[in-house]
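Here are the chains, one letter per residue:
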Amino acid sequence: MQKLADFKLPRFFNYPPYFTLQLVRDTREKQIQLWKELILDYCKTQKVFLIGVEEDFPLFSNSSIDSMIHYCLFT
């Protein structure tokens with residue numbers, strides 16, 4: 001499993017609604033775009049070429065705010 005120690009997270013990563021699928025369409029689209037950018041940036045900098053949405057991936061949870069994203073956000 002990859003670690004977040006060497007990766008600078010954006011400020012919104014500590015914002016709990018970021019981990020909850022938003023109901024308002026425009027907000028949800030922005031949220032999903034932020035997730036895409038974050039995952040791609042992380043994978044590029046950490047040289048991760050394949051991730052499973054159901055595996056323990058460091059970006060999918062934030063223990064400091066006790067939040068976790070459900071993989072259905074990406075389906």
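Nothing here was measured: the structure is a model prediction, and the numbers come from that model.

What counts, and where the lines are drawn
- Residues numbered from 1 in each chain as written.
- Predicted model: local features only at pLDDT ≥ 70, side-chain atom pairs only at ≥ 80, totals over all residues.
- Heavy atoms only, no water.
- Phe/Tyr/Trp six-rings, centres within 6.5 Å; stacked < 30°, edge-to-face > 60°.
- Helix = DSSP H or I, 4+ residues; strand = E, 2+ residues; numbered from the N terminus.
- Buried < 20%, exposed > 50% of the residue type's maximum accessible area, 1.4 Å probe, protein only.

**Section: the packing of aromatic side chains**
Thinking step 1. On inspection of all chains with the given rule, the structure shows 10 aromatic pairs.
Thinking step 2. Aromatic pair Phe7 and Tyr42: ring centres 5.0 Å apart, planes at 85°, arrangement edge-to-face. With Phe7 in the segment before helix H1 (25–46) and Tyr42 in helix H1, the pair connects residues that are 35 residues apart, well separated along the chain. Exposure class is identical for Phe7 and Tyr42. Each is buried.
Thinking step 3. Members of the aromatic cluster, joined through ring pairs, are Phe7, Phe12, Phe13, Tyr18, Phe19, Trp35, Tyr42, Phe57 and Phe60.

**Quick notes on unusual backbone geometry**
Thinking step 1. Despite not being glycine, Lys47 has its phi angle at roughly 60°, a positive value.
Thinking step 2. Mapped onto the secondary structure, Lys47 falls in the loop between H1 and strand E1 (61–62).
Thinking step 3. A relative accessible area of 61% means that Lys47 is categorised as exposed.
Thinking step 4. You will see that Asp66, though not glycine, has its phi angle at about 55°, which is positive.
Thinking step 5. Checked against the element boundaries, Asp66 lands in the loop between E1 and strand E2 (67–68).
Thinking step 6. When its relative accessible area of 73% is taken as the criterion, Asp66 is described as exposed.

Any functional reading would require information that these geometric values do not contain.
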